[in-house]
Amino acid sequence: LTMAWRTVSEHPRSPLAQYTYASLLREFGQNDQALAVVNEALRLDPGNPEALVLRGDLYRSTWGAAAAEAQYLEALRISPD
């Protein structure tokens, strides 16, 4: 987690660094922070299906499946496979 934070600090414009850090934050149960970071990843790369799925997972764990549905559908639209 510390290394991911350092990477984001050194490469704040990298959507991959942001996504990786958000994923690790979620694994450590820091969902509020993870949501902020994945939102930044999607701001930098709005067409990233993995980041959309992660945001959907965060929405689902916070607000339920209905809140996550649009994120999952957008990820499927971008990457149907």
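**Quick word on the environment of Leu-58**
Positionally, Leu-58 belongs in helix H4 (residues 49-63). Looking at Leu-58, the relative accessible area reads 1%, which means it is buried. Leave out the neighbours within four places in its chain, and Leu-58 touches Arg-26, Asn-31, Ala-34, Leu-35 and Val-38.

**What about the pattern of salt bridges?**
On inspection of all chains with the given rule, the structure shows three salt bridges. A salt bridge links Arg-43 to Glu-40; the shortest N-O distance between them is 2.8 Å. Of this pair, Arg-43 and Glu-40 are both found in helix H3 (residues 31-44), three residues apart, which corresponds to roughly one turn of the helix. Judged by relative accessible area, Arg-43 falls into the exposed class, the value being 56%. We classify Glu-40 as partly exposed; its relative accessible area is 23%. Between Arg-60 and Asp-57 there is a salt bridge, with the nearest N and O atoms lying 3.8 Å from each other. A residue pair is termed a helical-turn pair when its members lie 3 or 4 positions apart in one helix, as Arg-60 and Asp-57 do in helix H4 at three residues.

**A short note on the packing of H4 against helix H5 (residues 65-78)**
Angle between the axes and distance between the axes: these two values describe a pair of packed helices. Two elements in contact, H4 and H5, have axes separated by 7 Å at closest approach and are oriented at 170 degrees. In terms of axis orientation, H4 runs roughly antiparallel to H5. Contact residues: Pro-49, Leu-52, Val-53, Arg-55, Gly-56, Asp-57, Tyr-59, Arg-60 and Trp-63 in H4; Ala-65, Ala-67, Ala-68, Gln-71, Tyr-72, Glu-74, Ala-75 and Ile-78 in H5. When grouped by side-chain class, the residues that make up the contact of H4 with H5 number 11 nonpolar, two polar and four charged.

**Considering the nonpolar core**
Core analysis: the biggest nonpolar cluster contains 18 residues, and Tyr-21, Val-38 and Leu-58 have the highest contact counts within it. Among the secondary structure elements, those contributing two or more residues to this core are helix H1 (2-10), helix H2 (15-27), H3, H4 and H5. Ignoring any residue separated from it by four or fewer positions in sequence, one finds Val-38 in contact with Ala-22, Ala-51, Leu-54, Arg-55 and Leu-58.

**Thoughts on H2**
The periodicity of an α-helix, 3.6 residues per turn, causes residues three or four positions apart to be oriented the same way. Here H2 is 13 residues long and its end C-alpha atoms lie 18 Å apart, about the 18 Å a rise of 1.5 Å per residue gives. Within H2 the residues assigned to the buried category are Ala-17, Gln-18, Tyr-21, Ala-22, Ser-23 and Leu-25. Where H2 ends, the next residue or the one after it, Gly-29, has phi of about 75 degrees, a positive value.

**A look at the packing of H1 against H2**
Look at H1 against H2: their axes get within 9 Å of each other, and the N-to-C directions meet at 150 degrees. Considering the angle they form, H1 stands roughly antiparallel to H2. Between H1 and H2 the crossing geometry is left-handed. Mapping the contact onto sequence places Ala-4, Trp-5, Thr-7 and Val-8 in H1 and Ala-17, Gln-18, Tyr-21 and Leu-24 in H2.

Reading the values: rules and limits
Residues numbered from 1 in each chain as written. Predicted model: local features only at pLDDT ≥ 70, side-chain atom pairs only at ≥ 80, totals over all residues. Heavy atoms only, no water. Helix = DSSP H or I, 4+ residues; strand = E, 2+ residues; numbered from the N terminus. Buried < 20%, exposed > 50% of the residue type's maximum accessible area, 1.4 Å probe, protein only. Contact = heavy atoms within 4.5 Å. Salt bridge = Lys/Arg side-chain N within 4 Å of Asp/Glu carboxyl O. Axes fitted to C-alpha atoms, helices over the stretch in contact; angles between N-to-C directions. Parallel < 35°, antiparallel > 145°, perpendicular 65-115°, else oblique. Nonpolar A, V, L, I, M, F, W, Y, C, P; charged D, E, K, R; others polar. Core = buried A, V, L, I, M, F, W, Y, C linked by side-chain atoms within 4.5 Å. Expected span 1.5 Å × (residues − 1). Left-handed = near helix turned anticlockwise from the far one by under 90°.

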